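Listed here are the chains, written in short residue letters.
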Amino acid sequence: MNEKLPSIVIVGRPNVGKSTLFNRLTGTRRSIVTDEPGITRDRIYGNAAWNGRPFEIVDTGGLLPDDRAAMPREIFKQAQTAIEGATSLVLVVDGRSGVTPLDSELARRMRRTGKPFVVAVNKVDTMRQEDLAAQFYEIGAEIFPLSAEHGLGVDALLDALTREFPSVAEGEQTASEKTEVQVAIIGRPNVGKSTLLNQLAGAERSIVAAEPGTTRDVVDTLVLREGKSYRFVDTAGIRRKGKTNLFAEKLGVIMARKHLERADVALLVADASAGISAGDATIAGYAEQSGRSVIVVMNKWDLAIQKARQAATDALKDRRESAEKSRGRSGPKRQITTDPARLAAEYEVLVRERFKFLPYAPILFVSALTGEHVDNLYDLIDRVAEAGRRRISTGELNRWLAGVDLGRGTSPTAHRVKIYYVTQSAVSPPTFILFTNQRKRLHFSFERFLENRMRAEFDFFGTPIRFIQRVRELGRGGRQRPPQKRRRAD
């Protein structure tokens, strides 16, 4: 879908207001905006429309073409990739700073691409300051004085940029957007989230570096595969507040949790070579609270296997040395397994133990670096996304309820639980209203019993189930009201 839209790419040196302009054009707060230079690193995509003409907006990091440091070089590489697919370019400059040598150098580079480009002179906050734009005519491109923060002059810029774009009938693209599966990639810093996104997208969409906290903005990528649309959202690494220093990093964590709430599926990425940490468990708790369908992705499985084999080799060496020292017969030698399938089975038990509150989440062992088992994620995503959106009719639910022995889930010392009626009220996550004879909240063990029976019958694979309890009211004469009337009252 995004591939067919005209693409407007925003470029410029650091701290001239590119992200502010991106947020203004898309009507969102997708890009992080602070006074700290160099905040945007990856390519940030967004959709917008002007006068019935939809288009794609791409925000890029601040460009320093001659800087040979690793991060500026990667940012420039990401921007070049965006420019290659652009329909037109917007060079953003700071009207208060005047024409800098870097502005002139970037303008020359834009001209060499052969793409049409205009110059947006930002930070012209009032009509009286429009004269600040005059000095930029030496660049030799069309000039648009504007204020990205206040919206002044943005209309004229959009009129010029979208003049040749095709118009689309109202509602045409929104219908296709509904078919997308929104997938949020979450986890601690440096567990391989960006590498996984690049592997899933088949392209270098996110900057990958050994430095923790490389990703700050939310990076989303649309992938079309076998007629299906997947929008993968790579979020900033989430870590403890005490470990988060920069304001931009803190804001990135807040945005990561916000995008988790909007997703259909969460890929919870952990480092298999390092094991499950308390931070992983905390993030898993965020995923469970959000109500999203969850897939646990144990990344760096190739490194975990290497460590297991090394441990087996070291253990065998130790046994041989001990046998030589004792000069006697050693007991039966226990074979330490290095079979990947068996290791995965043993490791899964440990993961389940740490993520007790996610018993429904499937676990997949992958190597994002080599691509091993990554393609298997698509089948799991399809299945858990479908389960999260599944709606069961009221008649089917109550026929199922009639066949459930509720006494098996009730404690012998507790008051016998009766469920008169059940209906589904929402999806993502599937939520069910229970009309019972209990005024107190149902015991968690009973809810777990009911949830297990429901999963076995309706295959709510990988998605949480929520129950809302209602007490069935009494009618006149102490008789129970018909369930249909109670349903309409709610």
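Residues numbered from 1 in each chain as written. Predicted model: local features only at pLDDT ≥ 70, side-chain atom pairs only at ≥ 80, totals over all residues. Heavy atoms only, no water.

Asks: Got a minute to help me understand the overall build of the protein chain in this structure?
Replies: A tally of helices and strands in the protein chain yields 14 helices and 15 strands. When contacts within the protein chain are restricted to residue pairs at least 6 apart in sequence, long-range pairs at least 24 apart make up 69% of them. Summing over all exposed atoms, the protein chain offers an accessible surface of approximately 24900 Å²; the carbon and sulfur share of this is 49%. (Helix = DSSP H or I, 4+ residues; strand = E, 2+ residues; numbered from the N terminus. Contact = heavy atoms within 4.5 Å. Areas by Shrake-Rupley, 256 points an atom, 1.4 Å probe, with all protein chains shown as cover.)

Asks: Even after reading the chapter, I still don't get the sheet that holds strand β2 (residues 44–50), so can you show me in this structure?
Replies: Each strand in a sheet pairs with its neighbour through backbone hydrogen bonds, running either in the same direction (parallel) or in the opposite one (antiparallel). Judged by pairing direction, the sheet is mixed, and its 6 strands sit side by side in the order β2-β3-β1-β4-β5-β6 without closing on themselves. Edge strands, defined here as strands with exactly one partner in the open sheet, are β2 and β6 (142–145). Strand-to-strand, the axes of this sheet are offset by a mean angle of 25°, without reference to chain direction. Examined bridge by bridge, β2 and strand β3 (residues 53–59) share 7 bridges and lie antiparallel to one another. Each residue of the ladder has a partner; that of G46, found in β3, is I57. (Pairing = 2+ DSSP bridges. Axes fitted to C-alpha atoms, helices over the stretch in contact; angles between N-to-C directions.)

Asks: Where do I start with the packing of aromatic side chains in this structure?
Replies: The geometry of an aromatic ring pair is captured by two quantities: the separation of the ring centres and the angle between the planes. Summed over the entire model, instances satisfying the criterion amount to 14 aromatic pairs. Judged by centre distance (5.0 Å) and plane angle (70°), the rings of Y230 and Y378 are edge-to-face. With Y230 in strand β9 (residues 228–234) and Y378 in helix α11 (residues 376–388), this pair connects stretches of sequence that are 148 residues apart. Summarising the burial analysis for this pair, Y230 and Y378 share the class buried. Linked through ring pairs, W400, F432, F458, F460 and F467 together constitute an aromatic cluster. Its end group placed over the ring of Y378, R225 keeps NZ or CZ at 4.2 Å from the ring centre. Cation over ring: R383 sits above F461, and NZ or CZ is 3.8 Å from the ring centre. (Phe/Tyr/Trp six-rings, centres within 6.5 Å; stacked < 30°, edge-to-face > 60°. Buried < 20%, exposed > 50% of the residue type's maximum accessible area, 1.4 Å probe, protein only. Lys NZ or Arg CZ within 6 Å of the ring centre and 35° of its normal.)

Asks: Help me out: how do you make sense of the confidence of the model for the protein chain in this one?
Replies: Close reading of the predicted structure is inappropriate where its pLDDT is low. Per-residue pLDDT for the protein chain averages 79, and the proportion of residues at 70 or more is 75%. Element-level pLDDT for the protein chain is lowest in helix α14 (residues 483–489), with a mean of 46, against a maximum mean of 96 in strand β12 (residues 363–365). Counted against residues more than four places away or in other chains, residues 206–217, with its pLDDT under 50, gives 53 contacts. (pLDDT = per-residue confidence, 0-100.)

Asks: Mind showing me how you'd approach the sheet that holds strand β15 (residues 466–471) here?
Replies: What the 3 strands build is an open sheet, ordered β13-β14-β15; its pairing is mixed. Unpaired on one side and paired on the other, β13 (419–426) and β15 mark the two borders of the sheet. Put simply, the sheet's adjacent strands are angled 25° from each other on average, direction ignored. The sheet contact formed by β13 and strand β14 (residues 431–436) spans 6 bridges and is antiparallel.

Asks: Is there a simple way to explain the nonpolar core in this structure?
Replies: One finds L268, M298, W301 and F355 to be the most contacted residues of the largest nonpolar core, which totals 30 residues. Secondary-structure elements contributing two or more residues to this core are β7 (181–187), β10 (265–271), α8 (278–290), β11 (293–299), α9 (301–326), α10 (340–354) and β12. Once residues within four sequence positions are removed from consideration, L268 is found in contact with I186, I283, A284, V294, I295, V296, V297, F355 and L358. Listed in part, the 26 residues of the second largest apolar core include I185, L200, L267 and A368. (Core = buried A, V, L, I, M, F, W, Y, C linked by side-chain atoms within 4.5 Å.)

Asks: Just checking my understanding: could you explain helix α13 (residues 444–458) for this structure?
Replies: Every α-helical turn comprises 3.6 residues, leaving residues that sit three or four positions apart pointing alike. With 15 residues, α13 extends 21 Å between its outermost C-alpha atoms, agreeing within 8% with the 21 Å of an ideal straight helix rising 1.5 Å per residue. All of the buried residues in α13 are F446, E447, F449, L450, E451, M454, R455 and F458. Packing partners of the buried residues in α13 comprise α12 (394–402), β13, β14 and β15. Phi turns positive, to about 55°, at D459, one or two residues after α13. (Expected span 1.5 Å × (residues − 1).)

Asks: Help me out: how do you make sense of helix α3 (residues 101–112) in this one?
Replies: If you check α3, its first and last C-alpha atoms are 17 Å apart, about what 12 residues at 1.5 Å a residue would give, namely 16 Å. Buried residues of α3: D103, S104, E105, L106, A107 and M110, and no others. Just downstream of α3 lies G114, where phi reads positive at about 80°.

Asks: How should I be thinking about the packing of α12 against α13 in this particular structure?
Replies: When two helices pack together, their arrangement is given by the angle between their axes and by how far apart the axes lie. Running from amino to carboxyl end, α12 crosses α13 at an angle of 120°, the nearest separation of the two axes being 11 Å. On the basis of their axis angle, the class for α12 and α13 is oblique. Once α12 is placed against α13, the crossing between them reads as right-handed. On α13, the residues that touch E396, L397 and W400 of α12 are L450, R453, M454, E457 and F458. Residue classes in the contact of α12 with α13 are distributed as 5 nonpolar, no polar and 3 charged. (Parallel < 35°, antiparallel > 145°, perpendicular 65-115°, else oblique. Left-handed = near helix turned anticlockwise from the far one by under 90°. Nonpolar A, V, L, I, M, F, W, Y, C, P; charged D, E, K, R; others polar.)

Asks: What exactly am I supposed to notice about the environment of I186 here?
Replies: Its location among the elements puts I186 in strand β7. Overall, the relative accessible area of 1% leaves I186 in the buried class.

Asks: Teacher, can you tell me more about the pairing of strand β1 (residues 7–11) here?
Replies: Within a regular beta strand, the side chains point alternately toward one face of the sheet and then the other, so they alternate between its two faces. Of all 5 residues in β1, 5 are buried, a share of seventy percent or more. The two faces of β1 match: S7, V9 and V11 on one face and I8 and I10 on the other face are all buried. Here β1 runs beside β3; their pairing, made up of 4 bridges, is parallel. Each residue of the ladder has a partner; that of I10, found in β3, is D59. Looking at chain direction, β1 and strand β4 (residues 88–94) are connected through 4 bridges and run parallel. By the bridge assignment for β4, I10 is matched with V90.

Asks: Even after reading the chapter, I still don't get the pattern of salt bridges, so can you show me in this structure?
Replies: Side chains carrying opposite charge are able to pair once their charged atoms draw close together. Using the criterion set out here, one finds 18 salt bridges in the structure. The partner of D125 in a salt bridge is R96, and the shortest N-O contact between them spans 2.4 Å. One end of the pair, D125, is in the loop between β5 (117–122) and β6; the other, R96, is in the loop between β4 and α3, and 29 residues separate them in sequence. Of the residues examined, D125 reaches a relative accessible area of 24% and is grouped as partly exposed. Looking at R96, the relative accessible area reads 55%, which means it is exposed. For the salt bridge of R390 with E386, the shortest nitrogen-to-oxygen distance reads 3.8 Å. Through salt bridges with shared partners, one network takes in E105, R108 and R109. (Salt bridge = Lys/Arg side-chain N within 4 Å of Asp/Glu carboxyl O.)

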